[in-house]
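# Overview (structure and organization)
Below, each chain spelled out in residue letters.
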Amino acid sequence: MDLLSQLRGQIADFSAFLHREGFVDDQFTQLQKLRDESSPGFVVEVVSLFFEDCEKLVNNMAKALEQQIVDFKQVDSHVHQLKGSSSSIGAARIHNVCIAFKTCCEDQNRDGCVRCLQQVNHECIQLKNNLQTLFKLEQQIIAAGGSIPAMQ
Amino acid sequence: MTLKMQQSYHHSVAVKVNEQQVGTKRGYTFIQANRTWLPKVLLLWVMAMALLSLTIYNGMDADNRVRRKEVLGSMCDQRARILQDQFSVSVNHVHALAILVSTFHYYKSPSAIDQETFAEYTARTAFERPLLSGVAYARRVIDSERQEFERQHGWTIKTMEREPSAIRDEYAPVIFSQETVSYIESLDMMSGEEDRENILRARATGKAVLTRPFRLLGSHHLGVVLTFPVYKSKLPPSPTAAQRIEATAGYLGGAFDIESLVENLLGQLAGNQAILVNVYDITNSSDLLIMYGHQNLDGDLSLLHESKLDFGDPFRKHLMICRYHEKAPASWAALTTAFLFFVIGLLVGYILYGAAIHIVRVEDGFHEMQELKFRAEAADVTKSQFLATVSHEIRTPMNGILGMLALLLDTDLSSTQRDYAQTAQVCGKALIALINEVLDREKIEAGKLELEAVPFDIRSILDDVLSLFSEKSRNKGIELAVFVSDKVPEIVVGDPGRFRQIITNLVGNSVKFTDRGHIFIKVHLYENAKAMTDTKVNTCLNGGSNESVLTSGSQKFKTLSGCETADDQNSWDVFRHFSDEDFRSDASINVTTNNEASEDVGLMVCVEDTGIGIPLKAQGRVFMPFVQADSSTSRHYGGTGIGLSISKCLVELMGGQIDFISRPDVGSTFSFTAVFGTCKKNVFNNMEKRNAEALPSGFRGLKALVVDGNPVRATVTRYHLKRLGILAEVVSSLKLAAGSCGKNGSLTSGGKIQPDIILVEKDSWISGEDSVSSVWQLDLKQNGHTFKLPKMILLATNITDSEFDKAKGAGFSDTVIMKPLRARMVAACLQQVLSMGKKRSQGKGMPNGSSFLQSLLCGKRILVVDDNRVNRRVAAGALKKFGADVECAESGKAALKLLQLPHIYDACFMDIQMPEMDGYVFKSCFMILDFNCSVIYWLYFLDR
């Protein structure tokens, strides 16, 4: 019991940290609420889907930006996708960077785009690490026989 | 749209022009191409034939001439030889005479010969010299001896002119002469020029010599004179000319009257009249002297033959020339042959010419026909295009009308107005359906329809179709059921939309034409179906047929509803084979599906009804477009008659065949085969997952008891339960069911099933006595004290309120499942029943405290459309949370496909901004399709 409460405390702290730092927003909490007994792996599934997409899109955008003549329309559509999915899972920081990215695309600003892309990549890696930590904590709780606490 | 039309118009025109060009260019044969040359060729041919026949004539004529020449040659030679022989005989005799004279006149002294003797002798030997008119002997008299000689003989030497001879060196007066030439006695032979020359030559050579031909004295015939020298002393061997002259004593001469002689000679020979003979002396080759024959040449001059004559005088040369008396007659054989050949050639040429002309005409006709055909085809294409375009163009305003009508119906209307508007809407929908069908047909005819190849679940499609017609069938009181053999793979690859269209069409027809009985859809593997039918036929042949049994006085058939069906072969016997095998060999199914992982699978789908059937005379044209069985049919039942023809086209596109068996007033059974692909393993798994989502898996392991007297119907029920993972046992009556349950109850774990659910067919329930069921109830209650009571469920096609109440009273308080059975519906009912009794143990249940949310969207089917899969997943999760059945589509196109009529969705959520087809475009497309589905824009994360 002691371990469980300790873990719960950790997870609450960590969640609060993520919210505070702007990694995730309310949408993520909503997402977590969608998890129930019938689909315990829902959040993990969605998040891993997101990172798969994310990786693919970042790669595509990097490739597109390397070209001599950059197809900004294509990049823009990629950014649009990323923006949509990031707001879907509540990845606030990535969402914000995407907004800036989109502006760069509209201005056809290549350097801005490259910078934004780096930022996106950076944010993705950070978020991935953080969420992995969060999921690990959750798994520990389950392993310890507890249930994941509902988010506030 | 107009642009498109123009393009297509241009295209069609271009095609037409092309075709025409091709038509004029190709197909011309050699003859056709050179038609202007034909008369010239004919003329050339005739000329060639004439030339050829001329050559033939000449060839044959030349043969004739050669033969004629040969004949002439041989005749001429023969004559020449005879003449020569005769001549030489005479010459020899004269020679002998010369020797006689020399012997008896000079060697004898006194001379033994005088004129008298000589004349006598020569006259008597004249037959020896037929060619000589006469012979005479002239003595050589030198001028010095003339006096003596004249005195001795008593006459003077005279010249040829019968005058006393002038003085010369020597004389040759004739002293002996044959009587025939006695007139030359005393004439000096040397006074005649020819004779003199002859004498000189004769005495020099010692041989017989001849003069050139001249007119003989006395006869005035042409003749030659032969002269022999007579020597008075014996000559030395090989004497010189001088010695000979010295020894000469006289000369013996004879005159050949050649003209008459030759005449006599030739008269003796055959063919005398045919040829003319001339004999010439050619000693002087520049001046031919004629000896015999006419000087002026007549007769056939074209052909001559010359034969040499040797009369024994080497100095004189003679020649015989023969020629035909008449010109060569024309050769009739050659002429006829040549002429016939020419005529035949002419005829052949004319026949060929006629044939060529005929070919040209036929080809002209052919080309004309071809052009007409092209034109007709082009017209047909244009017609189709026009029809398609017009249909398409009609559809757009029609959608507007329908939309407005839908809106109108939503407003506050009086009942009459509502009725009018609804009628208009119904009519509009019918029109749209018709136009869609026409478009479909045109599309198929134009070969533009391409089938998709996507994996889909046949069973769920069939369930969907069933749900479409469930209300109609329920209203009509017909049993509607579906059965899919377990051998049929879960997922097949094909065009689900088109498959659904075929099934919908067939079932729609069946529903339309059936007022009692049942409609039964069966799907089997084609190979199995065939094998089973064969065995069935065999058993029939063996006399083991038992297609109907008599029960309680009325004939009852072993079919779904007990009504007779058109196709006996689809009856229970065969059906039992399938179902038994299906249920027996669960293990083998997986094996077969694995084996045929990448192969095609042929399915046989039967739609059996007990409707009015198709009249026999109309059965032949059922699949023809726009033809209905009977013109009264359309009045009674409506419809355009295009559906079956489309179905036929679609089935053929799927690589199958459609056929039917129908008996009027008994029913029809339409069956078709179609070839589908089977899935690869991984896809299969994916689909299974999705399928598992679609069909709740919470019932796996449950046991059910089906109470049904009709084995076919029971099998269908069992099939649906099996799909939900429920093990089902069939008993034929309530009594038996009670018995088995009772036993179970007492034996607890006797290996027999303890049913969680009991499904009772309404017929069985009604036919079984109420008392029985209550007894059974009681029985169960007594025995089952330690068990949960099995849930009682009534299966009914249609049920009246009173019946319903009665059922409730009889213990079917749990629920009534209305047919047609569908796995999903059964699942929903079971869920309801089971969750009422016991605590929810499966994931599909409600979460704590959110029962309201759960019920909010419970059972609703919602389509989520978004190109972003994360978004899609989140939205699906959220909606599922509220109890909805969610399906996802990743593009507007895919969504449109899913939403094709008839679709199953209650709502559609979609992203407003997507590539290819965004929400707005989607909406306009969607409006065309259907109005019943409320479109809710998914403005979920729209940028603000």
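Everything numeric here is computed off the predicted structure, so don't read it as measured data.

Once that is clear, we can look at the overall build of chain A. Summing up its helical and strand segments, chain A has 6 helices and 0 strands in all. Secondary structure of chain A in N-to-C order comes out as α-α-α-α-α-α. Evaluated residue by residue, chain A yields a buried proportion of 47% over its 152 residues. Contacts spanning at least 24 positions in sequence make up 69% of the contacts within chain A whose residues lie at least 6 apart.

This next bit is on the state of the cysteines. All names here are of chain B. Under the counting rule described, the total for this entry stands at 1 disulfide over all chains. At a sulfur-sulfur separation of 2.0 Å, the disulfide partner of Cys76 is Cys322. The S-S bond linking Cys76 to Cys322 shows a torsion near 80°; that makes this disulfide right-handed. In this pair, Cys76 sits in helix H3 (residues 38-106) while Cys322 sits in strand S12 (residues 318-324), placing the two residues 246 residues apart along the sequence.

Enumeration according to the criterion identifies 25 salt bridges over all chains in this entry. Arg168 of chain B is the salt-bridge partner of Asp188 of chain B, the closest N and O atoms lying 3.2 Å from each other. Placement of the pair is Asp188 of chain B in the loop between strand S4 (174-177) and helix H6 (193-205) and Arg168 of chain B in the loop between helix H5 (146-153) and strand S3 (170-171), with a sequence separation of 20 residues. The exposure class assigned to Asp188 of chain B is buried, which follows from its relative accessible area of 0%. Under the relative-accessibility criterion, Arg168 of chain B is labelled partly exposed at 29%. Between Asp515 of chain B and Lys476 of chain B there is a salt bridge, with the nearest N and O atoms lying 3.6 Å from each other. You can see Asp515 of chain B sitting in the loop between helix H12 (496-513) and strand S16 (518-525) and its partner Lys476 of chain B sitting in helix H11 (residues 458-476), a full 39 residues away along the chain. The class for Lys476 of chain B is partly exposed, based on a relative accessible area of 31%. Connected through shared salt-bridge partners, Glu21, Arg93 and Glu123 of chain A make up one network.

Tracing the chain through its elements places Phe311 of chain B in the loop between strand S11 (304-309) and S12. Ignoring any residue separated from it by four or fewer positions in sequence, one finds Phe311 of chain B in contact with Leu83, Gln84, Phe87, Val91, Leu210, Met291 and His318 of chain B.

At the junction of the two partners, chain B supplies 15 residues and chain A supplies 23 residues. Here chain B meets chain A over a buried area of about 1,700 Å², counting both sides, of which 50% is carbon and sulfur. When the area that chain B buries against chain A is broken down by residue, the three leading residues are Arg869, Val870 and Arg873 of chain B, summing to 36%. Ionic pairing is found between Arg873 of chain B and Glu45 of chain A, a salt bridge with its closest N-O pair at 2.7 Å. Counting across the chain B and chain A interface gives 1 residue pair in polar contact (both at pLDDT 80 or more). Split by residue class, the side of chain B that touches chain A holds 5 nonpolar, 5 polar and 5 charged.

Another point: the side chain of Arg201 of chain B. By the secondary structure assignment, Arg201 of chain B is in helix H6. For Arg201 of chain B, a relative accessible area of 15% gives the class buried.

Once that is clear, we can look at the packing of H3 of chain B against helix H4 (residues 115-124) of chain B. All names here are of chain B. In contact at an axis separation of 13 Å, H3 and H4 are set at 155° when each is read in the N-to-C sense. When the axes of H3 and H4 are compared, the pair comes out roughly antiparallel. The two elements H3 and H4 meet at a crossing, and its hand is right-handed. Listed contacts from H4 to Leu97, Leu100 and Val101 of H3 are Phe118, Tyr121 and Thr122. Grouping the constituent residues of the contact of H3 with H4 by class yields 5 nonpolar, 1 polar and no charged.

A contiguous nonpolar surface patch, about 350 Å² in accessible area, is contributed by Trp45, Ile344, Val348 and Leu352 of chain B. With respect to the helices and strands, Ile344 of chain B occurs in helix H9 (residues 332-410).

In this structure, Phe499, Val507, Phe672 and Phe676 of chain B are the most contacted members of the largest nonpolar core, which totals 54 residues. Residues contacting Val507 of chain B, with those up to four places away along its chain left out, are Val465, Phe469, Leu480, Ile521 and Val607 of chain B.

In this section: the sheet that holds S12 of chain B. All names here are of chain B. Here we have 4 strands laid out as an open sheet, ordered S10-S9-S12-S11, and antiparallel in their pairing. This sheet does not close on itself; its edge strands, each paired only once, are strand S10 (289-292) and S11. Sheet twist, expressed as the mean angle between neighbouring strand axes with direction ignored, is 30°. Where strand S9 (residues 275-281) and S10 come together, 3 bridges link them in antiparallel fashion. Bridging from a neighbouring strand, Asp281 pairs with Leu289 of S10. Contacts from H3 reach S9, S11 and S12, with the element oriented near 25° to S11.

So, about the UniProt feature "modified residue: Phosphohistidine" (unreviewed entry) in chain A. Cross-referencing UniProt, the feature "modified residue: Phosphohistidine" (unreviewed entry) maps to His80 of chain A in the present numbering. Following the sequence through the fold, His80 of chain A ends up in helix H4 (residues 72-89).

Here we take up the packing of aromatic side chains. How two aromatic rings sit relative to each other is set out by the distance from centre to centre and by the angle between their planes. Residues and elements named next belong to chain A. Evaluated as defined, the whole model comprises 15 aromatic pairs over all chains. Where Phe14 meets Phe17, the ring centres are 5.8 Å apart and the plane angle is 35°; that geometry is what we call tilted. Pair noted here: Phe14 and Phe17 are both in helix H1 (residues 2-21), with a separation of 3 residues, about one helical turn. Given a relative accessible area of 15%, Phe14 falls into the buried group. The class of Phe17 is partly exposed, set by a relative accessible area of 29%.

Right, let's get into the packing of H3 of chain B against helix H8 (residues 258-267) of chain B. All names here are of chain B. Two elements in contact, H3 and H8, have axes separated by 11 Å at closest approach and are oriented at 125°. Classified by the angle between their axes, H3 and H8 sit oblique to one another. In this structure, H3 crosses over H8, and the sense of that crossing is right-handed. Across the interface between the two elements, Arg79, Ile82, Leu83 and Gln86 from H3 touch Val262, Leu265 and Leu266 from H8. Of the residues assigned to the contact of H3 with H8, the class counts are 5 nonpolar, 1 polar and 1 charged.

Before going further, it helps to examine the pairing of S12 of chain B. All names here are of chain B. In terms of burial, S12 is largely enclosed, as 7 of its 7 residues are buried. Burial of the side chains of S12 extends over both faces: His318, Met320, Cys322 and Tyr324 are buried on one face and Leu319, Ile321 and Arg323 on the other. Sheet topology places S9 next to S12; 7 bridges connect them, and they run antiparallel. Considered in S12, the bridge of Leu276 is made with Arg323.

So, about the pairing of S9 of chain B. Where a strand is regular, its side chains alternate between the two sheet faces. Among the 7 residues that make up S9 of chain B, 7 are buried, leaving the element largely enclosed by the rest of the structure. Every second residue of S9 of chain B is oriented toward a common face, with Ile275, Val277, Val279 and Asp281 of chain B on one face and Leu276, Asn278 and Tyr280 of chain B on the other, all of them buried.

The rules behind the values
- Residues numbered from 1 in each chain as written.
- Chains lettered and ligands numbered in written order.
- Predicted model: local features only at pLDDT ≥ 70, side-chain atom pairs only at ≥ 80, totals over all residues.
- Heavy atoms only, no water.
- Helix = DSSP H or I, 4+ residues; strand = E, 2+ residues; numbered from the N terminus.
- Buried < 20%, exposed > 50% of the residue type's maximum accessible area, 1.4 Å probe, protein only.
- Contact = heavy atoms within 4.5 Å.
- Disulfide = S-S within 2.5 Å.
- Salt bridge = Lys/Arg side-chain N within 4 Å of Asp/Glu carboxyl O.
- Buried area = accessible area lost by both parts, 1.4 Å probe.
- Polar contact = N/O pair within 3.5 Å; in protein donor to acceptor, adjacent residues only side chain to side chain.
- Nonpolar A, V, L, I, M, F, W, Y, C, P; charged D, E, K, R; others polar.
- Axes fitted to C-alpha atoms, helices over the stretch in contact; angles between N-to-C directions.
- Parallel < 35°, antiparallel > 145°, perpendicular 65-115°, else oblique.
- Left-handed = near helix turned anticlockwise from the far one by under 90°.
- Patch = residues over 30% accessible without salt bridge, like charges linked within 9 Å, V, L, I, M, F, W, Y side chains within 5 Å.
- Areas by Shrake-Rupley, 256 points an atom, 1.4 Å probe, with all protein chains shown as cover.
- Core = buried A, V, L, I, M, F, W, Y, C linked by side-chain atoms within 4.5 Å.
- Pairing = 2+ DSSP bridges.
- UniProt positions renumbered as here; feature names shortened; annotations may be inferred.
- Phe/Tyr/Trp six-rings, centres within 6.5 Å; stacked < 30°, edge-to-face > 60°.

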